Structures are given as structure tokens and as C-alpha cells.
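Results of the structural survey
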Amino acid sequence: MANCKPHYQSIMNYTFMSAGSFSLKDQPWSSAALNPTSLCEADGLGLPPTSHSQMQFLASAPFNFTIEAPNDPDGNGKVGVDWNRDGTISPCTSLVQGVPNSSRIPPGGTLDAASADLRSCEWDRYRTEWQVDRADNLPANQTPAVIHLAAGSVNEHWLLYRALDGGGSSEIRYKKTASDLNNPNLPGCTSRLGHGCAVWTGASVISGSCTRPDPASGPAAAAFYTQDPHVLAVWNVAPAAGCETVSRLRYWRFNRTTWQYTEGWVPGSEGVTHEPSLASFNIAGPGSGVLLLFRKSDGYLWQTRFNVSTMSWDAAAVKSEHYQSGPLLVATSPSLASYRYGSGVQGMRAVLVDPANNEMFWMDWQPSYGAPYKQWWMLTGLSARKTAWKPGLAWVPNAFGQQPGRFFLAWKDLAFQSQYAGASGRTAMVDFTRGDGTAGAPPAVFENKTYLDNEWFAIDGGVNLFLDPALDKNLRMALVFPWPDGPLPNDGPAVMLRPFADGRFPVVLKDNDDFLVMRTGICVALRGCDPARCGQNPLSPGYPCPGSTAPGGVPEQAPPEQCP
């Protein structure tokens, strides 16, 4: 079930639970079906202009959508809604993508710890949580990596992560899938977007010539192309692990066409302390490369490049310097993303964590590769949202119809603790405009704040965000969820993949009839599982009576945790 649906005006909806003016409801909006991937803005919720007052709740907190004026400017006889928040109510001939069950920061608002509505919506986590691997041997405090490879007959997603090898050491593993991650009916989904979706290969281990290249962190990974598609993975190797007496970065380059790989050490990476970050730029052609950022024991941010033309690293890593204030001190692993804007100019952006207060700030790199050339900016409005782990960063071109696009930022939040037992923090995510970064220009602007801020969504370590605009516009997220070890084999932490991390998932959001749900539940409690007498549960066909189906298709279903 997707919480905070705007047309489910019930006290059972997290959005209206504390509003005071809402109670249990039937289905006043039964004709309104909202699919985040194809929204008709001109139709809104289907009400005529004479019912304009009934739509005012959408223009108020926490949604803050723009609704059409009561004089019906487009003349279609319905009150339109700007679902994708691009400032225009588009006609139904131009369907848009958006997140109708999200709130928006009002003008002048901030993402601070005092904002109670940050906890009010569970976003769409029940719809997008795919458990790719779960085991006793998944170390905590790591960041998995997800990439996409597409060339010729190859069309795969790869997920790379760190796991214990059973012999007192650890190793880097990967799984891959050729499944269409945008399909809500993948094998294993049982007609819902839940656990175990897609067909993944078994876990493979990245082998090495070193006796025991013991990873001390999760891997960073990037894809690049010559005539063949390649995977580049880099991770931190612990000292005294049979390979080195100091911590260094080890790399693995895999040619997906020839199935051959090379590996070795990243020059100048001695003394690395945290997980690295990778991003490709100019993915094919002259000047192509992969930028690598990492933190050393001296506290500074360092950088180097893998040159695609020569298939080698630069001779030595160098300190990343701000063009005015010199080398950059950072608290933990950086995040890194490439982006395009204007006439196809490619830039590189990093989000870094300030060691003085654990606040996040961003920095741009020259498109060609080199030292930062823009002023660094604190992420205004995030001063109370702190992290001590690697954040995730991704650029989504033309996100929600907004040119040129938006950045999405996710992190393990320390301002709010997770309600999940034993967890030290929870995941949060926002989006923001590109921001110019030049002196006197406005900083990055945050818009939405409940894409993902769920007090039950605990996390171990950092967050990875990924999008391949050549494939689709869907944002992926990878992380480790801290399931506790139990008495059964492989019931420990889980590597999770969220294929619709920005909330635009292909499931129709419908209004619910609270009284029908209660009627079914009470009948089953009194008479047992008798669908003929009690009818179907409109939220969850088959619950609590296994084997029952819903006539006329499958509506929204209950969370996987509630399914028998």
C-alpha cells in the first residue's frame, strides 16, 4: 500500500491521521485513479469547477500542490492539478510523471529536525523494497553499488557488495540480472512490488591474485564503454590482510564481452580510510574516464582518474582543492555523480560531509576533469540533517518535466533515529535543483521532503543512488537493511534494491472504503475464511483468507509483512 494518497481522505491515511477534521470514509474519489508514471494533470481528481472548494486541501500543507483556478482556464470542466510541480497544468494529451503522494516544502521552509511532517508519511517503501540477498555474513556499515550495462545483447543491472567469506575475512561479491526492473509483475513478485522480485544470478566473488585481498569497505562501481562494456569496481583493502601493510584501494576492471578482467592497486591511495566514490564522464570517446574520490587518514579528500583510452590510472592521486581555500577536509566518504545541462555540457558534482559538524555540502568539478572550479555551498535547509556515512547522489534529467533536471540526495540520517530495534539511523532523501554555484547565485533549492523519510526504514552504512538515462528515468537505490541475526541460516542483514527510489512506480493509487475493509475483517473474525459470505478484502485479496482472488483484477495490496 502506498501511504499518503491525496484522494484517500481518511483518518487511516498517515497524511490526515492528526488533521482532526477527517474520520473513516467510504470512496468519494472512487473514479480517481492516479498512476505516478502517467498522470493527467488537467483532470485532477475529476471534480468540476463548481466543487473547487473541495480541492483546496491539495493546495494546503502538507501537499502544497498548485491547483487550477475556479474559472476553469483550460475549459475542460475539471479542476486540474500540477502533479509534477513544474508550474504548468498540462493537458491530458501530454501525460506527466510525478509523485502525487508526496508533500512539498512551503516557500521558506527547511528540512530540519523540528519538522514533524517528516515523520508523517511512509512514502512508498512497501511497493519498492526488493531483497536481493540476505545472510548472516553481510557486514554492517557498508554501501552496496548498483550499475547498468547496455551494449549489443547485454542489458544488465549489477549489484556489488561486501560479504564475509566464512574464514574470518571478507570478499566483494556481485549479482546481476537481465530482468526488466520496471515491470511490476516480475517473477517472484507474486503480482505485487515486494520482496524477491527479478531473476538474479547467484553471487559471484571477485577473485584476486593477492593471497587475501580483505575488503574494509563496500565497493564503488561504474560502467564505461570502449567497443565493449566494462565494469570498474574499487574498494578499500584493510592493512595486514595478506596483501599490504597499509590500507589501499584495490580495483577490478571486467570486460563484459570477453569475460576477461584485470586488477591491481590504485596509485597514491595509501592511507585510505573510507569507501571510495566513482562516476564516469564522457562515457565514450576521447577524454573518457572515471573520476575517483576518496578520503585519506590525513582527513583530506583525494582524487584520481581511470583513463579509458589507456586503460590505466593517472600516475598519482592528488588532493582535491577548493579554488580559493585550498585542500578540502571531509568527515567520511564522498558521493559523486555526473550530470548534463544546457547544450549537453557534462559536469561532475560531489556531496561531501563537513568534519566540524557532519553537515553536507556540494562541490562541482570541471567538465573535462580537474580541480573544483565552483564555490562550495552548504546544502541550505539541511543544517539539522546530519550524517556520518556515505551519502548517495544522482542526477535525473528532466525530472518530473523540469528542465534541465534535478539532483536526488539520500543519506543515513542522524537527526532522527529509526524506530527499528537496534538501528542507529534511518534513510532520508530529498531532491534539489542543479544550482549554479557561482558567487552571488542562489544555492541548490530543495523542493520535496517526504520522498523517503521513514522512521521504520533503518539502514546500516551508506546509500547508493543510480540512474542510467540511456535506459529509463527510474532512480535506483541500494543499501543494507539491518535485519538482526536469528536462529535460522541466512536471516541476518539484507542487501536491498529499490528500483523506483523517486516514488514514480507503475501502480495505480486508488481511494479506499474503510467501512468495506472493516466489514470484511469483522465477518472473517466471526465466521472464519468464507469469501462467499464475507466478500473480498479490497486492500488485500487473499488476506486474511489464503487462496482468494479479487474479481476484475488485483487492486492495491497490503504490505508484504502482512501477506500470509
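Let's talk about the overall build of the protein
When you go through the protein residue by residue, the secondary structure sums to four helices and 27 strands. Taken over 564 residues, the protein has a buried fraction of 57%. By element, 53% of the accessible surface of the protein is carried by carbon and sulfur atoms, the whole surface being about 21,400 Å².

Looking at the sheet that holds strand 3 (residues 154-164)
The sheet built from four strands is open, its strands ordered 2-3-4-5 with antiparallel pairing. The open sheet has two free edges, formed respectively by strand 2 (145-151) and strand 5 (204-205), since each of these has just one partner strand. Bridge count for strand 3 against strand 4 (residues 170-177) is eight bridges, and the pairing is antiparallel. Considered in strand 4, the bridge of Leu164 is made with Ser170.

Focus on the pairing of strand 6 (residues 220-225)
Successive residues of a regular strand alternate their side chains across the two faces of the sheet. Within strand 6, six of the six residues are buried, which leaves it mostly tucked inside the rest of the structure. A two-sided burial pattern is seen for strand 6, the buried positions comprising Ala220, Ala222 and Phe224 on one face and Ala221, Ala223 and Tyr225 on the other. The pairing of strand 6 with strand 7 (residues 229-237) spans six bridges and is classified as antiparallel. Bridging from a neighbouring strand, Ala221 pairs with Ala233 of strand 7. Connecting the antiparallel pair strand 6 and strand 7 is a turn made up of three residues.

Examining the packing of aromatic side chains
Applying the stated criterion across every chain, the model contains twelve aromatic pairs. When the centroid spacing of 4.6 Å and the interplanar angle of 20° are considered together, the rings of Trp158 and Tyr174 count as stacked. You can see Trp158 sitting in strand 3 and its partner Tyr174 sitting in strand 4, a full 16 residues away along the chain. This pair shows no difference in class: Trp158 is buried, exactly as Tyr174 is. A centroid spacing of 5.2 Å and a plane angle of 75° characterise the contact between Phe306 and Trp313, whose relative ring orientation is edge-to-face.

With respect to helix 3 (residues 514-527)
A rise of 1.5 Å per residue sets the reference length of helix 3, with its 14 residues, at 20 Å; its end C-alpha atoms lie 20 Å apart and thus fit the reference within 8%. Looking only at helix 3, the buried set comprises Asp514, Thr520, Cys523 and Val524. Positive phi appears at Gly528, one or two residues downstream of helix 3, with a value of about 85°.

Considerations on the environment of Met17
Structurally, Met17 is set in the segment before helix 1 (56-59). The spatial distance from the C-alpha of Met17 to the C-alpha of Cys4 is 9.9 Å, given a sequence separation of 13 residues.

Brief notes about a nonpolar patch on the surface
Among the surface-exposed residues, Ile11, Met12, Tyr14 and Met17 lie close enough to one another that they form a single nonpolar patch of about 350 Å² accessible area. Here Met12 falls in the partly exposed class, since its relative accessible area comes to 49%.

Some points on the environment of Asp460
Within the secondary structure, Asp460 sits in strand 25 (residues 460-466). If we ignore the near neighbours within four places in the chain, the residues touching Asp460 are Ala140, Asn141, Gln142, Lys412, Val480 and Pro482.

A word on the side chain of Glu41
Within the element layout of this structure, Glu41 appears in the segment before helix 1. Engagement of the side chain of Glu41 in a polar contact is seen with the backbone nitrogen of Ser90, the distance being 2.8 Å. Leave out the neighbours within four places in its chain, and Glu41 touches Gly80, Val81, Asp82, Trp83, Asn84, Thr88, Ile89, Ser90 and Val96.

Notes on the confidence of the model for the protein
Model confidence for the protein is summarised by a mean pLDDT of 74, while 66% of its residues fall at 70 or above. Across residues 190-196, where pLDDT falls below 50, the model places 29 contacts with residues more than four positions away in sequence or in other chains. Low pLDDT, under 50, characterises residues 436-442; the predicted model gives this stretch 13 contacts beyond four residues in sequence or across chains.

Some details on the state of the cysteines
The bond known as a disulfide is covalent and runs between the sulfur atoms of two cysteines. Scanning the entire structure with this criterion turns up one disulfide. With its sulfur 1.6 Å from that of its partner, Cys40 forms a disulfide with Cys92. You can see Cys40 sitting in the segment before helix 1 and its partner Cys92 sitting in the loop between helix 1 and helix 2 (125-128), a full 52 residues away along the chain.

Looking at the sheet that holds strand 8 (residues 248-255)
With antiparallel pairing, four strands are arranged side by side in an open sheet as 6-7-8-9. Looking along the sheet, the strands with just one partner apiece sit at the ends: strand 6 and strand 9 (260-265). When strand polarity is set aside, the average angle formed by the axes of neighbouring strands in this sheet is 20°. Relative to strand 8, strand 7 runs antiparallel, the two being bridged by eight bridges. Opposite Trp235, over in strand 8, you have Arg250 as the bridge partner.

With respect to unusual backbone geometry
The backbone of Met311 shows a phi angle near 55°, a positive value even though the residue is not glycine. For Met311, the position within the fold is in the loop between strand 12 (301-307) and strand 13 (312-313). Residue Asn358 is not a glycine yet carries a positive backbone phi of 60°. Take Asn358: it is sitting in the loop between strand 18 (345-353) and strand 19 (360-365).

Focus: the pairing of strand 12
In terms of burial, strand 12 is a largely internal element, seven of the seven residues being buried. Here strand 11 (residues 289-295) pairs with strand 12 via seven bridges, running antiparallel. Within the sheet, the bridge partner assigned to Leu293 lies in strand 12 and is Gln303. Adjacent in sequence and paired antiparallel, strand 11 and strand 12 are bridged by five residues, among which Gly299 carries a positive phi angle near 90°. Relative to strand 14 (residues 318-319), strand 12 is paired through two bridges, and the arrangement is antiparallel. Bridged to Gln303 within strand 14 is Val318. Both strand 12 and strand 13 contribute to a ladder of two bridges, which runs antiparallel. Note that in strand 13 the partner of Phe306 across the bridge is Trp313. Connecting strand 12 to the next strand, strand 13, in antiparallel fashion are four residues, including Met311 with a positive phi near 55°.

The rules behind the values
Residues numbered from 1 in each chain as written. Predicted model: local features only at pLDDT ≥ 70, side-chain atom pairs only at ≥ 80, totals over all residues. Heavy atoms only, no water. Helix = DSSP H or I, 4+ residues; strand = E, 2+ residues; numbered from the N terminus. Buried < 20%, exposed > 50% of the residue type's maximum accessible area, 1.4 Å probe, protein only. Areas by Shrake-Rupley, 256 points an atom, 1.4 Å probe, with all protein chains shown as cover. Pairing = 2+ DSSP bridges. Phe/Tyr/Trp six-rings, centres within 6.5 Å; stacked < 30°, edge-to-face > 60°. Expected span 1.5 Å × (residues − 1). Patch = residues over 30% accessible without salt bridge, like charges linked within 9 Å, V, L, I, M, F, W, Y side chains within 5 Å. Salt bridge = Lys/Arg side-chain N within 4 Å of Asp/Glu carboxyl O. Contact = heavy atoms within 4.5 Å. Polar contact = N/O pair within 3.5 Å; in protein donor to acceptor, adjacent residues only side chain to side chain. pLDDT = per-residue confidence, 0-100. Disulfide = S-S within 2.5 Å. Axes fitted to C-alpha atoms, helices over the stretch in contact; angles between N-to-C directions.

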